[in-house]
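Structure assessment
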Amino acid sequence: MKFPGQRKSKHYFPVNARDPLLQPVQPESETGTSWVVGIDQTLVDIEAKVDNAFVARYGLSVGHSLVIEDDVADALYAELMRENLITHQFAGGTIGNTMHNYSVLADDRSVLLGVMCNNVQIGGYAYRYLCNTSSRTDLNYLQGVDGAIGRCFTLISDNGERTFAISPGMMNQLRPESIPEQVIAGASALVLTSYLVRCKAGEPMPEATMQAVAWAKQYNVPVVLTLGTKHVIAENPQFWRDFLREHVAILAMNEEEGLELTGHADPLLAADKALEWVDLVLCTAGPNGLYMAGYTEESAKRQTNLPLLPGAIAEFNQYEFSRAMRYQDCQQPLRIYSHIAPYMGGPEKIMNTNGAGDGALAALLHDITANSYHRNNVPNSSKHVRNYLTYSSLAQVCKYANRVSYQVLNQHSPRLTRGLPEREDSLEEAYWER
Ligand SMILES: Nc1ncnc2c1ncn2[C@@H]1O[C@H](COP(=O)(O)OP(=O)(O)O)[C@@H](O)[C@H]1O
Ligand SMILES: Nc1nc2c(ncn2[C@@H]2O[C@H](COP(=O)(O)O)[C@@H](O)[C@H]2O)c(=O)[nH]1
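Residues numbered from 1 in each chain as written. Chains lettered and ligands numbered in written order. Predicted model: local features only at pLDDT ≥ 70, side-chain atom pairs only at ≥ 80, totals over all residues. Heavy atoms only, no water.

Some details on the side chain of serine 194
Along the chain, serine 194 falls in the loop between strand S11 (189-193) and helix H6 (205-218). On the basis of relative accessibility, which here comes to 0%, the residue serine 194 falls in the buried class. At 2.3 Å, the side chain of serine 194 and the backbone oxygen of leucine 227 are in polar contact. Setting aside chain neighbours within four positions, we find serine 194 in contact with Leu225, Thr226, Leu227, Gly228, Val232, Ile233 and Trp240. (Helix = DSSP H or I, 4+ residues; strand = E, 2+ residues; numbered from the N terminus. Buried < 20%, exposed > 50% of the residue type's maximum accessible area, 1.4 Å probe, protein only. Polar contact = N/O pair within 3.5 Å; in protein donor to acceptor, adjacent residues only side chain to side chain. Contact = heavy atoms within 4.5 Å.)

Notes on the confidence of the model for the chain
Per-residue pLDDT for the chain has a mean of 90; in total, 91% of the residues score no lower than 70. Contacts for the low-pLDDT stretch residues 425-432, under 50 throughout, to residues beyond four places or in other chains number 24 contacts. With pTM at 0.93, the complex prediction returns an ipTM value of 0.94. (pLDDT = per-residue confidence, 0-100.)

Brief notes about the packing of aromatic side chains
Following the criterion strictly, the structure yields eight aromatic pairs and no others. Summarising the aromatic geometry, the rings of phenylalanine 239 and tryptophan 240 are spaced 4.9 Å apart at their centres and angled 90° between planes, so their arrangement reads as edge-to-face. Ring geometry for phenylalanine 239 against phenylalanine 243: centres 6.0 Å apart, planes inclined by 25°, an arrangement best described as stacked. Of this pair, phenylalanine 239 and phenylalanine 243 are both found in helix H8 (residues 237-247), four residues apart, which corresponds to roughly one turn of the helix. Look at phenylalanine 239 and you get partly exposed, because its relative accessible area is 37%. Positioned above the aromatic ring of tyrosine 391, the side-chain terminus of lysine 383 is 4.0 Å from the ring centre. (Phe/Tyr/Trp six-rings, centres within 6.5 Å; stacked < 30°, edge-to-face > 60°. Lys NZ or Arg CZ within 6 Å of the ring centre and 35° of its normal.)

What to know about the packing of helix H9 (residues 255-262) against helix H10 (residues 267-274)
Packing of H9 against H10 brings their axes to within 9 Å, and their N-to-C directions diverge by 50°. Here H10 runs oblique to H9, going by the angle between their axes. Considering only the axes of H9 and H10, their crossing is left-handed. From H9, Glu255, Gly258 and Thr262 reach across to H10, where they touch Pro267, Ala270, Lys273 and Ala274. Among the residues making up the contact of H9 with H10, the classes are represented as three nonpolar, two polar and two charged. (Axes fitted to C-alpha atoms, helices over the stretch in contact; angles between N-to-C directions. Parallel < 35°, antiparallel > 145°, perpendicular 65-115°, else oblique. Left-handed = near helix turned anticlockwise from the far one by under 90°. Nonpolar A, V, L, I, M, F, W, Y, C, P; charged D, E, K, R; others polar.)

As for the site of ligand 1
Taken together, 15 residues surround ligand 1, and among them Asn254, Thr284, Gly286, Gly289 and Asn402 come closest. Measuring from an oxygen atom of ligand 1, one finds a side-chain N or O atom of threonine 284 at 2.9 Å. If ligand 1 stood free it would expose 560 Å²; the protein chains cover 84% of that surface. If you list the elements that add at least two residues to the shell around ligand 1, you get helix H11 (356-377) and helix H12 (394-409). It is H12 that provides the largest number of residues to the shell around ligand 1, a total of three residues. Across the shell around ligand 1, the residue classes break down as seven nonpolar, eight polar and no charged. (Near = heavy atom within 4 Å. Areas by Shrake-Rupley, 256 points an atom, 1.4 Å probe, with all protein chains shown as cover.)

Quick look at the UniProt feature "domain: Carbohydrate kinase PfkB" (unreviewed entry) in the chain
In the UniProt entry, the feature "domain: Carbohydrate kinase PfkB" (unreviewed entry) is given for residues 138-294. Counted over residues 138-294, helix gives 33% and strand 26%. Its end C-alpha atoms are 30 Å apart. (UniProt positions renumbered as here; feature names shortened; annotations may be inferred.)

Remarks on the packing of H11 against H12
Relative to each other, H11 and H12 sit at 140°, their axes nearing to 7 Å. As far as their axial angle goes, H12 and H11 are oblique. Handedness of the H11/H12 crossing: right-handed. Listed contacts from H12 to Ala356, Gly359, Ala360, Ala363, Leu364, His366 and Asp367 of H11 are Val397, Tyr400, Ala401, Val404, Ser405, Val408 and Leu409. Here the residues of the contact of H11 with H12 sort into ten nonpolar, three polar and one charged.

Put into structure tokens, the structure is as follows:
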């Protein structure tokens, strides 16, 4: 497990297994002691540059993800091939990306659940998917299917905005009996997307998802939900509010999804509203950076030393140096909030925005899992006198999440090709001051 993010001062973190002051740290094993598990629709992103007329012609909606029928997919693919418009093909899927990015950042294990072709052809989509997933992402629990994985036509317009057209193949054929109980039971978090319910009647994916949720509940594993696209939420916002209240601890969304869910266009108000249902919220807001909202114990709150920010909630970042806790673990819960503008103002030129939100969530998951790792290895550390959810303060998690989004925006693929630059890995470096 790598240290999550960078620090101005050195915090104690058991990255050195030979420290004699530590309890004997469990030896590194292939399965590890702390991991995250996610369920996804197995998808390959087929990226092409198109204009808005192309998007409109196939009944798609700019910036969003819609499922298309096979005949539309065939016509769309034929036009992309005819006009030689395909530029890249990557492994994709919002949770697949998040598990891969987590493993790259943490240099540690994530487990991905979903389907995979029984018959993988060299050079085919399934082959590309497997080749482009981190070797630290455990794919041993994928369920075999006799057919194709999904295709996600990722249509990039001139300003870098991405539109998705999903041709599902067999991506929704994951069955409940393919969800391994012990993998869920030992995880630091179970990560889901609202896309998992976007299926045809009779497809087993939603049932498989609910099996995983039931085990997460049984073993007190926090469930993380990322909202995916505003269209899925807009179809039935009340379903999602109930789902959050009943099953979810951590919510990740962008401001458009936040609006559909809560009725608030302001990301801070949307995040605040969502705290009625969940314990921790990450709300990305494109060029306006990102917000986090959560709970801490009143008596453990820590005052920021950064300028207090104006907003719909006055001086909302006052206690952003506090660490997040689950509502149920607080005796006197206090709401805490933080915001950060895009790292370095954002890249000079954004090639495409695909995966920026997934990157931010991977950073948050790294911080949460690092907390479990630290608790396992140094249970009597003062960091664990309370049952905290995150290793770091809300402000620090925002910085880290933002930094990772920047990295994704600065490269071409939604999956990190490497971890953050080496020279930032030094705990001594006051990188954030730049
Ligand atoms: N145009 C932009 N300029 C600068 N930063 C951006 C821009 N778009 C996204 N980002 C960064 O990427 C993060 C996630 O982007 P966002 O587009 O909100 O996510 P999603 O992909 O989920 O819609 C933002 O919080 C911000 O840090
Ligand atoms: N599991 C699904 N993943 C999907 C779907 N539509 C798009 N995507 C994936 O999202 C990422 C990019 O995410 P971003 O919102 O952070 O830009 C991309 O790689 C797509 O594969 C879907 O229906 N299901």
